[in-house]
Structures are given as C-alpha cells and as structure tokens.
Amino acid sequence: MNATIDPGEVAFSAIRAQGPGGQNVNKVSCAVHVRFDVGASSLPEAIKERLLALSDQRITQAGVVVLKAQQSRSLEQNKEDALRRLQELVDSVAVLPTIRRATKPTRGSQRRRLDSKTKSGQTKAMRGKVSE
C-alpha cells in the first residue's frame, strides 16, 4: 500500500530546543512539535487501524501521533525531519505482515529425532552400576 501523508493534515508548532546551545538556544524557537491526528486523516482505514494498534509511546490515547524534532538548528530542516519520521512510521505499518502457515516436520526429521532419543536413552542406561 502506498500511503503518503498530506502536510496540510499535520500541525506544526515551534518550540525552544533542549540541550546545549549557548545564548542562542534561549532566544530562538527552532525545535518542532508535530501533531498528526490519525482518525481525522485521509489515510486508508486499514493503515489507520494498524497505526492505532501499535504500542508506541508517541501515539496518544486519542489517536494523535506526537513527534518532536530538534536535531538541526534550522526550523525548516526540523520540519522536514519530523515529516520524514512520520512518513517512516506510516510506511512501517503499510506493509502487511506475512501470514504464518503451520507445516509438519518431514518423516526423515521425525525419524532422526527419535533415533537420537533412543541412542541417548541407551547411553544413559549404560551408566548404571556394573553387576558381576
């Protein structure tokens, strides 16, 4: 499935970045909080369900994905980084997991397993006391 995120459905808010940065970090709001409401988005229903079923701490109880991007000193680069990470999250659930089909062991593998069990049992039986 190809599910692209419409940037119009994403809410950006500029915040002050954490961490070292000297005097500039206290003046400039270059970090970005991104909020994406999964329920109100234009994504396909199957992707919405799998996205909400994820046990990810970035997804709230209300079904809103909250990301914080503060790697760069540029607001635009942080927005692009946040959108890229959000798209990667959506792409990770867009791929259907393969269905596991139970198979039976082959007759040869069953025979080898039983032969090794018999051999192991015989070895252990020989460990008893020696009787004259």
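About the cut-offs
- Residues numbered from 1 in each chain as written.
- Predicted model: local features only at pLDDT ≥ 70, side-chain atom pairs only at ≥ 80, totals over all residues.
- Heavy atoms only, no water.
- UniProt positions renumbered as here; feature names shortened; annotations may be inferred.
- Buried < 20%, exposed > 50% of the residue type's maximum accessible area, 1.4 Å probe, protein only.
- Helix = DSSP H or I, 4+ residues; strand = E, 2+ residues; numbered from the N terminus.
- Arc of directions from axis to C-beta.
- Contact = heavy atoms within 4.5 Å.
- Pairing = 2+ DSSP bridges.
- Axes fitted to C-alpha atoms, helices over the stretch in contact; angles between N-to-C directions.
- Salt bridge = Lys/Arg side-chain N within 4 Å of Asp/Glu carboxyl O.

- Taking an unreviewed UniProt entry as the reference, the protein is identified by name as Aminoacyl-tRNA hydrolase belonging to Massilia genomosp. 1.
- Listed in UniProt under the heading Sequence similarities (unreviewed entry), the comment for the protein reads: "Belongs to the prokaryotic/mitochondrial release factor family."

## A closer look at helix α1 (residues 45–53)
Okay, so step 1: Those residues of α1 that sit buried are I47, K48 and L51. Along α1, the residues classed as buried sweep out an arc of 105° about the axis, all on the same side. When the buried face of α1 is taken as reference, the exposed residues oriented beyond 90 degrees from it are E45, E49 and A53.
Okay, so step 2: Check the buried side of α1 and you find it contacts α2 (75–94).

## Describing the sheet that holds strand β3 (residues 64–69)
Okay, so step 1: With antiparallel pairing, three strands are arranged side by side in an open sheet as β1-β2-β3. If you trace the sheet from one side to the other, it starts and ends with β1 (10–15) and β3, each paired once. With strand direction ignored, the average angle separating the axes of adjacent strands in the sheet is 20°.

## Digging into the environment of Q87
Okay, so step 1: Assignment of secondary structure puts Q87 in helix α2.
Okay, so step 2: Taking the relative accessible area as the measure of exposure, Q87 reaches 19% and is therefore buried.
Okay, so step 3: Along the primary structure Q87 and A11 are separated by 76 residues, whereas in three dimensions their C-alpha atoms are 14 Å apart.
Okay, so step 4: Contacts of Q87, omitting those with residues within four sequence positions, involve A3, T4 and I5.

## What to know about the pattern of salt bridges
Okay, so step 1: Considering all chains together, one arrives at five salt bridges under this definition.
Okay, so step 2: In this structure, E45 and K48 form a salt bridge, with 3.4 Å as the shortest nitrogen-oxygen distance. On the criterion of helical spacing, the pair formed by E45 and K48 is a turn pair, its members being three residues apart in helix α1.
Okay, so step 3: Of the residues examined, E45 reaches a relative accessible area of 52% and is grouped as exposed.
Okay, so step 4: On the basis of relative accessible area, K48 is assigned to the buried category, the value being 9%.
Okay, so step 5: Here R84 and D81 are joined by a salt bridge, their closest N and O atoms 2.3 Å apart. With R84 and D81 both in helix α2 and three residues apart, the pair spans about one turn of that helix.

## Comments concerning the environment of F36
Okay, so step 1: Mapping F36 onto the fold places it in strand β2 (residues 31–37).
Okay, so step 2: Along the chain, F36 and G121 lie 85 residues apart, while their C-alpha atoms are 62 Å from each other.
Okay, so step 3: Excluding residues within four positions of it along the chain, F36 makes contact with I5, E9, V10, S41, L43, G63, V64, V65 and L86.

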